[in-house]
Amino acid sequence: MTGRVFVIGASGVIGGAHMRRLAGRGLPVVGLSRTNAGTGLEEIHTDLLGDTTGSPLLKDVSHAVFAGFVAADTEQAVRRKNAALFDATLDYLEKWCPNLRHVALLQGMKAYGSNLGPFKTPARESDPRIPGGHYYDDQLDSLKQRALETGWQWTALRPHVVIGPARRSPQNLIVVLGVYASLMKARGHRLDFPGPEAAFDIIYQATDADLLSQAIEWSGSDPRAAGEVFNITNGDFFRWRHVWPKIAAVFDMEPGGPLDVSLNERMVGAGESWKALTRTHQLQPTSLDQLVSWPFADYIFGTTWDVMADTLKCRQAGFLTFLDSEQMIIDRLQELKALKIIP
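Everything quoted here is computed from the prediction, not taken from an experiment. (Residues numbered from 1 in each chain as written. Predicted model: local features only at pLDDT ≥ 70, side-chain atom pairs only at ≥ 80, totals over all residues. Heavy atoms only, no water.)

1. Observations concerning helix α9 (residues 270–281)
For α9, which comprises 12 residues, the first-to-last C-alpha distance of 16 Å matches the rise-based estimate of 16 Å (1.5 Å per residue) to within 8%. When we look at burial in α9, the residues that qualify are A270, W274, L277 and T278. Within α9, the buried residues cover an arc of 100° as seen down the axis, which keeps them to one side. Residues of α9 that are exposed and point over 90 degrees away from its buried face: E272, R279 and T280. Residues of α9 that are buried sit in contact with α4 (173–186) and α10 (288–291). (Helix = DSSP H or I, 4+ residues; strand = E, 2+ residues; numbered from the N terminus. Expected span 1.5 Å × (residues − 1). Buried < 20%, exposed > 50% of the residue type's maximum accessible area, 1.4 Å probe, protein only. Arc of directions from axis to C-beta. Contact = heavy atoms within 4.5 Å.)

Right, here's the structure in full:
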């Protein structure tokens, strides 16, 4: 990379991790979010779906990373709003980034219908689109068309369950795990798996945030990645049944088995308990709803079908980084403790 990197979605676990990693190596990077993302790095605060403002920092941007998302009450509204958000982003990039060369679009396994029920596994990038489509499809089609018009290069990356430190990214599994375990320990409970037995035994996968950052950087520098879609995971698989005792050990708790409950219901009123834990352990002050989404947790722990992505394509194209997912989960939980995000 020869120019500045522009990260749209700087407040999320993906965007924040990418900014920190690049800045840690002395590379110029600027982030965009609607509010202060708290990265401590150069940021632009604007609403891409409202009145937008540019910045002189964008003149030398050569690579853009889109990791933005906007929530809505219905799937139809989610699709409409996120397609509109990405179209607005492309307009913004074309207006304010005259030296842009490459756009990395972050997607995920929902492109294969992983959220809808059992699907073809291992999922491959050549698999047909799901019936009815997804906003990922809308965004990718828009990016391909804009690239034809502008001469930009592009790459789409599909991770699953991105794990890294973040205080304001509620759909971050590692923080969900850490907060859930901490609350259960404070209540004097063992660490039960909050889902059905079938979910305890499925084959699952994850993507470390720093590994994904490396993949993003690779996608913008290796010609073999241009104009392609890649699954990006740690490269291995795990079952909750096998890693659960190790998670319990991090918190010095007795591991339990599957307990088919809704955390969205079980955690009603837990905000006050979290405030007490924050005071007692001098944690970074963050409200519970900023840390975790219990409906997201119910979705993750309620998945009763295998979630597996084939990563042969990215390896054949030159991205060879991989991690042990079970060890990553333990390491990331310890990191959250060290950062005083969880007790």
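2. Description of the sheet that holds strand β10 (residues 228–231)
Reading across the sheet, the seven strands line up as β3-β2-β1-β4-β5-β6-β10 and stay open at both edges, with parallel pairing between neighbours. Of all strands in the sheet, those with a lone pairing partner are β3 (43–45) and β10, marking the two edges. With strand direction ignored, the average angle separating the axes of adjacent strands in the sheet is 20°. Across three bridges, the pairing between strand β2 (residues 29–33) and β3 is parallel. Bridge pairing in β3 places S33 opposite H45. Relative to strand β6 (residues 153–158), helix α3 (residues 135–150) is tilted by about 165°, and along the sheet it contacts β4 (61–66), β5 (102–106), β6 and β10. (Pairing = 2+ DSSP bridges. Axes fitted to C-alpha atoms, helices over the stretch in contact; angles between N-to-C directions.)

3. A few points about helix α6 (residues 209–219)
Within α6, nine of the 11 residues are buried, leaving the element largely enclosed by the surrounding structure. For α6, the side-chain oxygen to backbone nitrogen distance between the N-cap and D210 is 3.0 Å, and the N-cap itself is D208. (Polar contact = N/O pair within 3.5 Å; in protein donor to acceptor, adjacent residues only side chain to side chain.)

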